[in-house]
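Architecture at a glance
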Amino acid sequence: MLPRHTAKSDSYSNGYPRAKEKNTYSISPHRFQPRASPPALRRRRQLLIRLGLLVGIGLFAFFVWPGASVVPLLSLGFLSSGEDFQLETVRYYDLSTVQGTARGWEREERILLCAPLRDAESHLRMFFAHLHNFTYPHHLIDLAFLVSDSKDRTLGLLSELLEDLQADEDPKMPYGEISIIEKDFGQKVNQDVESRHGFAAQASRRKLMAQARNWLLSAALRPYHSWVYWRDVDVETAPFTILEDLMRHNKDVIVPNVWRPLPDWLGGEQPYDLNSWQESETALALADTLDEDAVIVEGYAEYATWRPHLAYLRDPYGDPDMEMDIDGVGGVSILAKAKVFRSGVHFPAFSFEKHAETEGFGKMAKRMQFSVVGLPHYTIWHLYEPSVDDIRHMEEMEEERKAREKEEQDKADRMKKIKDQFADPNSQWEKDKTDIQNEALREKKEKEKAEAQNVVETQVPADSKPETKAEAKADSKVESKADAVKAQ
Amino acid sequence: MGPVRSLRRSNPLTIVVGVVLCIFIFVFLLSPSSADSAASKARSANAASNPLSPPTSPFRKQNEKANGKRKPPPVVHYKMNNVTSTADPVGNRETILILTPLARFYQEYWDNLLKLTYPHELITLAFMIPKNREGNAATLALQEQITKTQKTGPEKHRFASIIIERQDFEPPLSSQSEAERHKMENQKARRAAMSKARNSLLFTTLGPSTSWVLWLDSDIIETPATLIQDLAAHNKDIIVPNCFQRYTDSKSKDVKERAYDFNSWQDSDAARKLGEGMGPDDILLEGYAEMATYRTLMAYMYEEGADINTEVPLDGVGGTALLVKAEVHRDGAMFPPFPFYHLIETEGFARMAKRLGRAATGLPNYKVYHYNE
């Protein structure tokens, strides 16, 4: 029901006074009070203000608190450009502090690990297992990969594995700077074992490999590196301490011996890397007869060089620290001081003293009076990839095995048939034998039980202790059970 | 009606607008660089997040986390298939690395660098300074100029990145005076050391994104301001301008100029024969009367008033000013510190580049000027 005064004509129906009325500001307790009317509106406004404040604080926290400095905020952005405060454009390096010493890990010497990759997807997981295991402090190792002309998923898998490695929970696991360099050289040469090791393809293949290595090194070498380690991804087994082991020798360039395991039918193991050798008179004489662009490659009958190879000098029980001066080096695992590369030694992509790539690298290092050393009795193992011949041989062996199996199966079948056709007296014999044995066994048991009963009966009156009574009870239980069994 | 109006005036829309404005103010206050020039934008876009980055790019100072934990560096991809070196380096935003083996610092050299019109945010400077008393003095003078340019200088003068390296071996000669260092018997040791300094500088700073390498000696005090664009426009693997020197004639007191760098030449049969008769460790030198090579020197090919874009093929190059496509160095062409085909340093470099299928070109009428001692 409406209050009576609302019916008056001088006010609105909501009790608000009409404009013509003089007492606009008079407050009448009976009137409807509009001030208290829009709490919903006010609440909404308050909510908005609070939201605005929250957003403001959030923005402030986001921009200022974690990283950025407060300077631009306080100076209202007038003090030069703020970003340039954060950017460092000048770097100073003293190269005499990065010479490389025998105990680099104590002096925090940084190593650049270079790995050239092409269609290497299948080997990557194995390589990363090696990376996990290195004992040299990981944060002192920078990784550089060159992915070139790959048709498989090398790049994708590599980035995945590297991201995982850097995000590892263990703070000792992530490595230093990580660069993946993508560069295609338009290489036509196949990477399968057969075409890779064919003699004719060697020279041009080695030159292209050299080019890739040089691109990788020149893009990744920094003024703070003391060592450079070249490692192929298809190494299957190597000591976790290989970096320290090689570094301890304190040589400018050093390589281990590289062998590979073989299936038993091929002799169990075999020297793999024939590019580490000492120069011979024969080879020097041969080099003089060749034209400027010729490249001598080792391990082929075409060039009989009679050089002493590091690989063939291995003695499994020899001293792993024994050193041997060499002139050509293999590229599977090279540790070199960074100053070697800084002074200009690289992997010649042309014929340098009749050699290219890693062998030319060894020659050039020697030319600049650096020490180049191999360790004949310190061995790492390259992955075994069967060659086409090996595969054929293995197929033959497989067939042979199958034939033999089939033969044995046939034989067994034949024997079975014979047995089925002629009733076998053996089974009857066996049956009889077991029956007799069972009989004998039962008799023996009965006898034993009877004896046991006698013993208990004699013991009980002699001993009246409660425990023994309980024992006796247990015994009698057993007996009664035994009796039950007997009764059956 | 008044009080009600005043309460309703600030409707939600105004508050929303206010908040949005606030956000904008914050954004502009806290990242002022985004409102700055395109050059500085490019600068910060190229910046690496870690000091272990290619030295050709600036890096962000690392804020040590409160818990002292080191954040491992990120995995960075470098697409080197996209690194080009073309005749239009400015249009293609190609980065250039200016390399200078520095023995003495000349103010004129620095002033000349600042005058180069090539966009400075695409230029990285790198210096190799020996570790001796002279080197220390040069370093100090250089650092002073760098601070002046990079911190307080005008935005367009600032270079993308500057690298100072101190040499890890002693120069073979204590004195760097001109008479001493040009003695023939001192040349081999001096130039071998010079090669090592050049190689150290080159291979530690090249990085994955450089398109061009300009070798510029610290005593080159005058070049055209468009030096880089002019040389790059020829689109050659290796290109050398002609290096001259201004001097005051002692008699007439006139300022004249004379040829200075004799290491840019075309080979001759006489030189080839001379080389064949030498031992493997001997080197051929240019500009000495005892060793007449009869090579055609670019220094004497200069013609007054002729076209400055005239090109000549060269077999040996000098290093006073030398523009090289980065890919030539990446393929392995370096400055041999040992006799390579009886050649050493920059001349050996031209030879090695040739073995890698890269040719050298000279511009006999395009002049740069050497300091006169």
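Note that the structure is predicted; figures quoted are calculated from it, not measured. All residue numbers refer to positions counted from 1 along the written sequence of the respective chain. Here the convention is simple: chains get letters from A, ligands get numbers from 1, in the order in which they are written. Where local features are concerned, this predicted model is filtered to residues with pLDDT of at least 70; where side-chain atom pairs are given and counted, the filter is 80 or more; whole-chain, interface and lining totals use all residues. The basis for every side-chain value is the complete set of non-hydrogen atoms in the structure, without hydrogens or water.

With that settled, consider the packing of aromatic side chains. Residue and element names in this part refer to chain A. Within 6.5 Å between ring centres, the rings of Phe, Tyr and Trp (the latter by its six-membered ring) count as paired, and their orientation is classed by plane angle as stacked under 30 degrees, edge-to-face over 60, tilted in between. Under the definition given, this model contains 24 aromatic pairs over all chains. Note on F185 and W215: the rings are 5.7 Å apart at their centroids and 85° apart in plane angle, and the pair reads as edge-to-face. Taken together, the residues F185 in the loop between β5 (178–182) and α6 (193–197) and W215 in helix α7 (residues 199–220) connect sequence positions 30 residues apart. Classification of W215 as buried rests on a relative accessible area of 6%. Considering the side-chain rings of F347 and F361, the 4.8 Å spacing of their centres and the 25° angle between planes classify their relative orientation as stacked. Note that F347 is positioned in the loop between α10 (338–342) and α11 (357–367) and F361 in helix α11, a separation of 14 residues in sequence. Judged on exposure class, the residue F347 and its partner F361 are both buried. We count a stretch as a helix when DSSP gives it H or I for four or more residues in a row; a strand needs E for two or more, and each element gets its number in order from the N terminus. In this scheme, a residue with accessible area under 20% of its type's maximum is buried, one over 50% is exposed, and one in between is partly exposed, where area comes from a 1.4 Å probe on protein chains only.

Below, the discussion takes up a nonpolar patch on the surface. Note that patches include only residues with greater than 30% relative accessible area and no salt bridge, and the join distances are 9 Å for like charges and 5 Å for nonpolar side chains (Val, Leu, Ile, Met, Phe, Trp, Tyr). All accessible areas in this document rest on Shrake-Rupley with a 1.4 Å probe, and a residue is counted as covered only by the protein chains that are shown. We define a salt bridge as a contact between a side-chain nitrogen of Lys or Arg and a carboxyl oxygen of Asp or Glu at a distance within 4 Å. The grouping of M415, I418 and F422 of chain A at the surface amounts to a nonpolar patch, some 320 Å² of accessible area in total. Along the polypeptide, M415 of chain A turns up in helix α12 (residues 388–421).

Quick look at the interface of chain B and chain A now. For this analysis, residues touch if any pair of their heavy atoms sits within 4.5 Å. Counting from both sides, the interface comprises 84 residues of chain B and, opposite them, 78 residues of chain A. Accessible area that two parts lose when put together, evaluated with a 1.4 Å probe and summed over both, is termed the buried area. Here chain B meets chain A over a buried area of about 7200 Å², counting both sides, of which 60% is carbon and sulfur. Taken together, the connections running from chain B to chain A amount to 7 salt bridges. The shortest N-O distance in the salt bridge between R355 of chain B and E292 of chain A comes to 4.0 Å.

Residues and elements named next belong to chain A. Chain-level pLDDT for chain A is 80 on average; 76% of the residues reach the 70-or-more range. Scored from 0 to 100, pLDDT records how confident the predictor is in each individual residue. The low-confidence segment residues 66–72 (pLDDT under 50) makes 9 contacts with residues lying over four places distant or belonging to another chain. Note that residues 74–84 has pLDDT below 50 and, in this model, 14 contacts with residues that lie over four places away or in other chains.

Here we come to the pairing of strand β13 (residues 321–325) of chain B. All names here are of chain B. Within β13, 5 of the 5 residues are buried, leaving the element largely enclosed by the surrounding structure. Burial of the side chains of β13 extends over both faces: A321, L323 and K325 are buried on one face and L322 and V324 on the other. When DSSP finds at least two bridges between two strands, those strands are taken to pair. Examined bridge by bridge, strand β6 (residues 212–216) and β13 share 5 bridges and lie antiparallel to one another. Looking at the pairing, L216 lines up with A321 of β13.

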